[in-house]
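# Close look at the chain arrangement
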Amino acid sequence: MMMGRFALLLLAFASLQLFCVADDDNNDDDVVFYESFEESFEGRWIVSNKDDYKGLWKHSKSEGHEDYGLLVSEKARKYAIVKVVDEPVSLKDGTTVLQFETRLQSGLECGGAYIKFLRPQEAGWKPEEFDNESPYSIMFGPDKCGTTNKVHFIFKHKNPKNGEYVEHHLKYPPSVPSDKLTHVYTATLKRDKEVKIMIDGEEKKKANLLVAEDFDPPLIPAKTIPDPDDRKPEDWDDKEKIPDPNAVKPDDWDEDAPMEIEDEEAVKPEGWLDDEPEEIDDPEATKPEDWDDEEDGVWEPPKMYNPKCAIAPGCGEWKRPMKSNSAYKGKWSPPLIDNPNYKGVWKAREIPNPNYFELDKPDFEPIAAIGIEIWTMQEGILFDNIVIAKNEKVAKSYRETKWKPKFEIEKERQQAEEEASGLDFLASIKRKVFNALYQIADIPFLSNYKPQILDHIKKAEKQPNLTMGVLVSTVAIILTIFLKLIFGGKNQCRRIETKPVPVVAETSDDQGSDGEKVEKAEKNEAAAAARRRRRET
């Protein structure tokens, strides 16, 4: 019995070893494509010869590393380069993982850093003529400019009814990280029609390729569409309210009454300096030595706030302040009443959609080449470690061995630089705040306001001296939207406009002693106080 059990254990152990070897072999086979750029791309990748694409690609090391990548070396250029794979990659069965690294070494204010996974050349394109019209199956990666800040996932799909290829964009994609570190982007397509987007191995978005709410336009068209030949009847009245035809303007309605009138009860404050101007010539200003009256015109000293006005209620000609006019009513218009002839909002009748089709899973075109076709205002974008795999574990292995060591070094270096400059605490807090705001902007129910939120965040990033004001404004927008969504009932959301909270810019002035600077600051503060008093008066 003991020998029999021992034999069974040996057999089980041997079977496990064989399974592990087979699993390792499968992992090797699961790597469909891998590009490390350790060797020069020349002779292996094809640079487009189209006239528009003059950007110079370089084989370059990532800053601070011995690791090489494909570098965008010039700003304000278009770039296009392509690599044809040995065998087309099918996307129809099993799992397919698309993964690559980018490092925005000069930041990214306006430009793309995405990759296009191209269809076979039979679709009508040539590697030497690769451009933005070259047909792709999937486009994936960062894109940032203006209010656009997203990690694209777009796929093109052929409508089996009409043969047209349609671009389907992932709704509410994640935002692009705002630092200059190396990041790895992963898109995983699964057999259950799911697509998963990860940044640095962290899941940021999951969607179903067949669900209408996840893609724009939906992959599956609507079953019915409005009849394009249907026309609204001439006698159709779609005005819900109409002016009351029996209403008459009241006799005492004065349309000419102004909105504001002078406050007759106002009295000029005691001590008002009628003969003193608010601004005077700066007595310390001198005409520059290189000033040429003939070329530059007659020199005039710059103006400064009159210090006498700082200690007085006001200067110059006193005028009575304005106040609201109680008699103001504005232009009269008859009140609205229910329209007795109202028939409702007219809609064209629905007819069967001739382009409607059904699918159990997307019918993707295979990937035959990998192309980078971008326009960017920043140089320094580095692409590295492009992977196409049939196993998520393979992609994870590349993240752990290729990306993570670089990322950890860059994070440590960034932290050391911040500590050396004495800004580590504030910088880390600021970075966390911005990252949190970008994540908030990605929340689906804020999608209608995402451009406004991203616009405010970008202003804060670009203008450090306005950061606090802009952040307060951004938070105010988000809170306003949130409260409106909770308490606003069924009212249609309106566009919310807010202005950044004004913040005085910090300036460096090396001229003059500390005492003079303090005196100048006190004068400015006194001037501001005087202006506030005049507005209140």
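Refer to the structure above for everything that follows.
Residues numbered from 1 in each chain as written. Predicted model: local features only at pLDDT ≥ 70, side-chain atom pairs only at ≥ 80, totals over all residues. Heavy atoms only, no water.

### What to know about the overall build of the chain
Stated precisely, the cut-off is as follows: Put simply, DSSP marks the helices as runs of H or I at least four residues long and the strands as runs of E at least two long, and each gets a number from the N terminus on. Exposure categories follow from relative accessible area, calculated using a 1.4 Å probe and restricted to protein chains: below 20% of the type maximum is buried, above 50% is exposed, and the middle band is partly exposed. In what follows, residue pairs with any heavy atoms lying within 4.5 Å of each other are defined as contacts.
If you tally the helices and strands in the chain, you get eight helices and 25 strands. By the burial criterion, 37% of the 537 residues in the chain qualify as buried. A fraction of 74% describes how many contacts in the chain between residues 6 or more apart in sequence connect residues 24 or more apart.

### Overview of helix 4 (residues 392-420)
Filter applied, for reference: In this analysis, the expected span of each helix is defined as 1.5 Å times one less than the number of residues it contains. Here the bend at a residue means the angle between the axes of two seven-residue stretches, the one that ends at it and the one that starts at it. By the criterion applied in these results, polar contacts are pairs of N or O atoms within 3.5 Å in which, for protein atoms, one can donate a hydrogen and the other can accept it, and in which residues neighboring in sequence qualify only through two side-chain atoms.
Here helix 4 is 29 residues long and its end C-alpha atoms lie 40 Å apart, about the 42 Å a rise of 1.5 Å per residue gives. Helix geometry: helix 4 is bent most strongly at tryptophan 403, by close to 45°, with proline proline 405 lying one to four residues after it. If you check the start of helix 4, you find a side-chain oxygen 2.8 Å away from the backbone N of lysine 393, and it comes from asparagine 391.

### Comments concerning the nonpolar core
The test is simple: Among the buried residues, those of types Ala, Val, Leu, Ile, Met, Phe, Trp, Tyr and Cys that are joined through side-chain atoms within 4.5 Å form a nonpolar core.
Membership of the largest hydrophobic core comes to 60 residues, with the highest contact counts inside it found for Trp57, Phe117, Ile138, Phe140, Phe153, Ile370 and Phe383. When residues in this core are grouped by element, the largest group, six residues, is from strand 5 (residues 77-89). Excluding residues within four positions of it along the chain, tryptophan 57 makes contact with Phe41, Val47, Leu70, Leu71, Val72, Tyr79, Ala80, Ile81, Ile372 and Phe383. Listed in part, the seven residues of the second largest apolar core include Phe434, Tyr438, Ala441 and Ile457.

### Points about the pairing of strand 12 (residues 182-189)
Walk down a regular strand and you will see the side chains alternate between the two sheet faces. Worth spelling out the cut-off: The pairing criterion for strands is at least two bridges between them, as found by DSSP.
Taken across its eight residues, strand 12 has eight buried, putting it largely inside the fold. Burial along strand 12 is two-sided: the face carrying Thr182, Val184, Thr186 and Thr188 and the face carrying His183, Tyr185, Ala187 and Leu189 are both buried. As paired strands, strand 6 (residues 96-104) and strand 12 are joined by eight bridges and run antiparallel to one another. The partner of glutamate 101 across the bridge, within strand 12, is valine 184. Counting the residues between successive antiparallel strands, the hairpin from strand 12 to strand 13 (residues 194-199) contains four residues, one of them, lysine 193, with a positive phi of roughly 70°.

### Let's talk about the environment of glycine 69
Take glycine 69: it is sitting in strand 4 (residues 68-72). Since its relative accessible area comes to 0%, glycine 69 is described here as buried. For the pair glycine 69 and phenylalanine 37, spaced 32 residues apart in sequence, the C-alpha to C-alpha distance is 5.1 Å. Every residue in contact with glycine 69, bar those within four places of it in the chain, is listed here: Phe37, Lys58, His59, Ser60, Leu382, Phe383 and Asp384.

### Points about the packing of aromatic side chains
Rule in force here: Between the rings of Phe, Tyr and Trp (Trp by its six-membered ring), a pair exists once the centres lie within 6.5 Å; its type follows the angle of the planes, with under 30 degrees stacked, over 60 edge-to-face, and the other angles tilted. Geometrically, a charge over a ring is one whose NZ (Lys) or CZ (Arg) sits within 6 Å of the ring centre while staying within 35 degrees of the ring normal.
For the structure on display, the rule yields 13 aromatic pairs. Measuring from ring centre to ring centre gives 5.1 Å for tryptophan 57 and tyrosine 79, while their planes differ by 70°; the resulting arrangement is edge-to-face. With tryptophan 57 in strand 3 (residues 57-61) and tyrosine 79 in strand 5, this residue pair connects regions lying 22 residues apart in the sequence. For tryptophan 57, a relative accessible area of 6% puts it in the buried group. Within the aromatic cluster, the residues linked to one another by ring pairs are Trp57, Tyr79, Phe100, Phe140, Phe153, Phe155, Tyr185, Phe215, Phe364 and Phe383. Here the guanidinium or amino end of arginine 119 rests over the ring plane of tyrosine 165, the centre of that ring lying 3.8 Å away.

### Quick notes on the state of the cysteines
Selection rule: Throughout, disulfides are identified as pairs of cysteine sulfur atoms within 2.5 Å of each other.
Summed over all chains, the structure comprises two disulfides. With its sulfur 1.7 Å from that of its partner, cysteine 110 forms a disulfide with cysteine 145. Note on the cysteine 110 and cysteine 145 pair: the S-S dihedral is about -70°, so by sign convention the disulfide is left-handed. Of this pair, cysteine 110 sits in strand 7 (residues 110-112) while cysteine 145 sits in strand 9 (residues 136-145), and the two are 35 residues apart along the sequence. A relative accessible area of 14% means that cysteine 110 is categorised as buried. On the basis of relative accessible area, cysteine 145 is assigned to the partly exposed category, the value being 31%.

### Regarding unusual backbone geometry
Excluding glycine, most residues fall at negative phi; most peptide bonds, likewise, are trans. The residue after aspartate 216, namely proline 217, is reached through a cis peptide bond having omega -10°. Considering the arrangement of structural elements, one finds proline 217 in the loop between strand 15 (215-216) and strand 16 (224-226). In the Ramachandran plot, tyrosine 172 falls in the positive-phi region, its phi being about 50° despite a non-glycine side chain. Relative to the elements of secondary structure, tyrosine 172 occurs in the loop between strand 11 (165-170) and strand 12. Despite not being glycine, aspartate 200 has its phi angle at roughly 55°, a positive value. Structurally, aspartate 200 is set in the loop between strand 13 and strand 14 (202-208). Residue aspartate 200 is classed as partly exposed on the basis of its relative accessible area, which comes to 22%.

### Description of the environment of alanine 247
Among the structural elements, alanine 247 can be located in the loop between strand 17 (241-243) and strand 18 (260-262). Alanine 247 sits in the partly exposed class, given a relative accessible area of 23%. The sequence separation of alanine 247 and serine 333 amounts to 86 residues, and the corresponding C-alpha distance is 8.9 Å. With sequence-adjacent residues up to four places away left out, alanine 247 is seen in contact with Trp332, Pro334 and Pro335.

Everything listed here is a matter of coordinates, which is why it stays silent on function.
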